Amino acid sequence: TLPYLYNMADKYHWFSRADLANMIAVSESTPGPIGVNMATYAGFQTAGALGSVVATAALILPSLIIIILIAKFLSTFSENFYVKSAFYGLRPAAMGLIATAGFGLLKISVLNWDRYIATKNLADLFYLKALILFFVLFYLVHKYKKHPIVYIALAAIVGIVFHF
């Protein structure tokens, strides 16, 4: 979903890449799939409440129809060697897609590529406060194992206090 949304931001200018980073943050902190939350947000930004309904339906309906059709036939073939092999091959592909999306989000939130290109100064490559917050939260998440909402709230408070 994220590469598609990056392309949408560049092509249609309904939202900027910075808006996309904000949408991701809000979508990750609200219940439901990120793609649905972001489609709803983008639809609302472009056409109000009706736009949010249309964008959400346009995102959900094709997948819903396909999944219903696949589920109807998959139970028949679930023990098939080729079906099992296909799912085995899909796992690393899905992991690669998730890692790519994560790296893209990291680039938006931690790297200041435009400033680095303009100055050619390595110190300008990173948003220092965001990089420090990333590593602090990474450490806290692995050390204390609290619910993600705790870290989301903590990051929001730090962002407000330190004017991110």
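Residues numbered from 1 in each chain as written. Predicted model: local features only at pLDDT ≥ 70, side-chain atom pairs only at ≥ 80, totals over all residues. Heavy atoms only, no water.

Novice: What's the story with the packing of aromatic side chains in this structure? I'm lost.
Specialist: Each aromatic ring pair is described using two quantities: the centre-to-centre distance and the angle formed by the ring planes. By the definition in use, this model includes 4 aromatic pairs. Measuring from centroid to centroid gives 5.5 Å for W113 and Y116, while their planes differ by 45°, and the two rings are tilted. On the criterion of helical spacing, the pair formed by W113 and Y116 is a turn pair, its members being 3 residues apart in helix α5 (residues 113–119). Exposure remark for W113: the relative accessible area of 48% places this residue in the partly exposed category. Centre to centre, the rings of F134 and F138 are 6.1 Å apart; their planes meet at 25°, and the pair counts as stacked. With a gap of 4 residues between them, F134 and F138 both fall in helix α6 (residues 128–144), about one helical turn apart. Relative accessible area serves as the criterion here: at 35%, F134 is assigned to the partly exposed category. Classification of F138 as partly exposed rests on a relative accessible area of 46%. (Phe/Tyr/Trp six-rings, centres within 6.5 Å; stacked < 30°, edge-to-face > 60°. Helix = DSSP H or I, 4+ residues; strand = E, 2+ residues; numbered from the N terminus. Buried < 20%, exposed > 50% of the residue type's maximum accessible area, 1.4 Å probe, protein only.)

Novice: Is there a simple way to think about unusual backbone geometry in this case?
Specialist: The phi torsion of most residues other than glycine is negative, and most of the peptide bonds are trans. The backbone of K120 sits at a positive phi, close to 60°, despite the residue not being glycine. Residue placement: K120 occurs in the loop between α5 and α6. Take K120: its relative accessible area is 57%, and that puts it in the exposed class. With phi around 55°, K145 is a residue other than glycine that occupies positive phi space. Within the secondary structure layout, K145 lies in the loop between α6 and α7 (148–161).

Novice: How should I be thinking about the environment of A9 in this particular structure?
Specialist: Position of A9 among the secondary structure elements: in helix α1 (residues 2–12). Overall, A9 belongs to the buried group, its relative accessible area being 4%. Between the alpha carbons of A9 and T46 there is a distance of 12 Å; along the sequence they are 37 residues apart.

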